[in-house]
Amino acid sequence: LLVNGHVAEAQQVFEKAIADDPEDARAWLDLGLAQEAKGDMAAAERAYRRATEIDPRFAEAWNNLGVLLRESGNLPEATRTLERAVSLDPDLAVGRFNLGLAYEDQGRLDDAEREYLATIQQLPGDPVPRINLAMMYLDAGRPDDATAQLRGARPMVRGDVLLSIAVGEALRRAGAPADAVVVLQGALEDANDAPPTALLAELSLAYYAVGDLSSAEKTMRRAIGQDEIDPSLQYAYGSILAKLGEVGKARSHFRRAISLDPDGPYAERSRKRLDALK
């Protein structure tokens, strides 16, 4: 019932199971999942804590509790809780991944790297840990390490447009725009006739980074056709047009970016570009 989205009915069944056996730790865990699906995080936390009280060696319950605590901003207790989950079951890949997220949130990057690498070893076909590790490497100024992880993730994201956008953006940021173009072109094929605007925008930026200005202009124009009120798209299109020497059109789009969000970051960038074009 829970997997099929029948949350209220699932919760009733779990509550009946607990009424029949109040010491059923698995039933408490699953009740917490149902409560979390309903958005009742306080009740879910109580259920997860009860599961750990009944069975202190229940690694999955410690993991779920740790995730909830991290999402609520209680990082110190979340980290201790997730460390408990991993110590109980070092092969619990989801626990190691969540512990990596908690360490990264705290700036403990060496510890986060260790947990992400362990997760990748346990789940070699899952691109998400690789993408997270690559993003962390990028933020830490390690583009070569990021590129290695992203190239490993490339074949795994085909068919998933959102993950392809993430990988493409990260590859471009890491200084591998040609790889980004390949990933994003594949995602565009997968999206058929309804590509997300974010995919078109990112593909345009990748084309720009490899020097294919014609494709960059065409693709960004298509993105703006889907969302004319995004100042970042207006700014990016103005930059492409300026590079192509179409100064008048570029000015128009920089002005449009300013008018859409006069106090935003792209307005400030657009003003600087307009000054440079005088």
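Residues numbered from 1 in each chain as written. Predicted model: local features only at pLDDT ≥ 70, side-chain atom pairs only at ≥ 80, totals over all residues. Heavy atoms only, no water.

### Observations regarding the overall build of the chain
- A tally of helices and strands in the chain yields 16 helices and zero strands.
- Scaling as 2.2 N^0.38, a compact globule of 278 residues should have a C-alpha radius of gyration of about 19 Å, whereas the chain reaches 24 Å, well beyond that.
- Principal-axis analysis of the C-alpha atoms places the extent of the chain at approximately 75 × 40 × 35 Å.
- When burial is assessed residue by residue, the chain has 46% of its 278 residues classed as buried.
- Taking the contacts inside the chain whose residues are at least 6 apart along the sequence as the reference set, 47% of them involve residues at least 24 apart.
- Of the accessible surface of the chain, which amounts to about 13700 Å², a share of 49% is contributed by carbon and sulfur atoms.
- Considering the chain, the positive charge centre built from 33 side chains and the negative charge centre built from 45 side chains are found 8 Å apart. (Helix = DSSP H or I, 4+ residues; strand = E, 2+ residues; numbered from the N terminus. Rg over C-alpha atoms; globule rule 2.2 N^0.38 Å. Buried < 20%, exposed > 50% of the residue type's maximum accessible area, 1.4 Å probe, protein only. Contact = heavy atoms within 4.5 Å. Areas by Shrake-Rupley, 256 points an atom, 1.4 Å probe, with all protein chains shown as cover. Lys, Arg positive; Asp, Glu negative; His and termini not counted. Charge placed at Lys NZ, Arg CZ, Asp CG, Glu CD.)

### Some points on helix H6 (residues 93–105)
- With 13 residues, H6 extends 19 Å from end C-alpha to end C-alpha; this agrees with the ideal 18 Å at 1.5 Å per step.
- The element H6 is extensively covered by neighbouring structure, given that 10 of its 13 residues are classed as buried.
- The set of residues buried in H6 consists of Ala93, Gly95, Arg96, Phe97, Asn98, Leu99, Gly100, Leu101, Ala102 and Tyr103.
- On the buried face of H6, the contacting elements are helix H4 (59–71), helix H5 (75–88), helix H7 (109–122) and helix H8 (127–139). (Expected span 1.5 Å × (residues − 1).)

### Re the nonpolar core
- Ranked by internal contacts, the top residues of the largest apolar core, which has 58 residues, are Tyr116, Val167, Leu171, Leu199 and Met220.
- Here this core gets seven residues from one element, more than from any other, and that element is helix H14 (residues 231–243).
- If we skip the residues at most four places from it in the chain, tyrosine 116 touches Phe97, Gly100, Leu101, Glu104, Asn132, Leu133 and Met136.
- Counting 25 residues, the second largest nonpolar core, distinct from the first, contains Val7, Ala59, Ala61 and Leu92. (Core = buried A, V, L, I, M, F, W, Y, C linked by side-chain atoms within 4.5 Å.)

### So, the packing of aromatic side chains
- Scanning the model with the defined rule gives three aromatic pairs in all.
- Ring geometry for tyrosine 235 against phenylalanine 254: centres 5.7 Å apart, planes inclined by 45°, an arrangement best described as tilted. With tyrosine 235 in helix H14 and phenylalanine 254 in helix H15 (residues 247–260), this pair connects stretches of sequence that are 19 residues apart.
- Residue tyrosine 235 is classed as buried on the basis of its relative accessible area of 16%.
- Through a chain of ring-to-ring contacts, the aromatic side chains of Tyr235, Phe254 and Tyr266 assemble into a single cluster. (Phe/Tyr/Trp six-rings, centres within 6.5 Å; stacked < 30°, edge-to-face > 60°.)

### Some thoughts on the layout of surface pockets
- Estimated volume of the largest pocket: approximately 240 Å³.
- Around the largest pocket, the lining comprises 13 residues; the ones closest to its centre are Ala201, Leu205, Ser232, Leu233 and Tyr266.
- At the level of elements, helix H12 (197–210), H14 and helix H16 (265–277) are the ones that each hand at least two residues to the lining of the largest pocket.
- The element contributing the most residues to the lining of the largest pocket is H12, with five residues.
- Of the residues that constitute the lining of the largest pocket, the class distribution is eight nonpolar, two polar and three charged. (1 Å grid on protein atoms, 1.4 Å probe; cavity = no way out; pocket = protein on both sides within 12 Å on 5 of 7 lines; lining within 4 Å. Points joined across faces, edges and corners; volume = space filled by probe spheres on them. Nonpolar A, V, L, I, M, F, W, Y, C, P; charged D, E, K, R; others polar.)

### Remarks on the environment of leucine 138
- Along the chain, leucine 138 falls in helix H8.
- Residues leucine 138 and alanine 198, spaced 60 residues apart in sequence, show a C-alpha to C-alpha distance of 20 Å.
- If near-sequence neighbours (up to four positions away) are discounted, leucine 138 is found in contact with Pro143, Ala146, Ala170, Arg173 and Ala174.

### What about the pattern of salt bridges?
- With the rule as written, the count across this model stands at 23 salt bridges.
- Between glutamate 115 and arginine 114 there is a salt bridge, with the nearest N and O atoms lying 3.0 Å from each other.
- Residue classification places arginine 114 among the partly exposed residues on the basis of a relative accessible area of 39%.
- Taking the shortest distance from any N to any O, the salt bridge between arginine 271 and glutamate 268 comes out at 3.9 Å. With a gap of three residues between them, arginine 271 and glutamate 268 both fall in helix H16, about one helical turn apart.
- Accessibility expressed as a relative area gives 33% for arginine 271, which makes it partly exposed.
- Where salt bridges share partners, they join Glu83, Arg96, Arg108, Asp111, Arg114 and Glu115 into one cluster. (Salt bridge = Lys/Arg side-chain N within 4 Å of Asp/Glu carboxyl O.)

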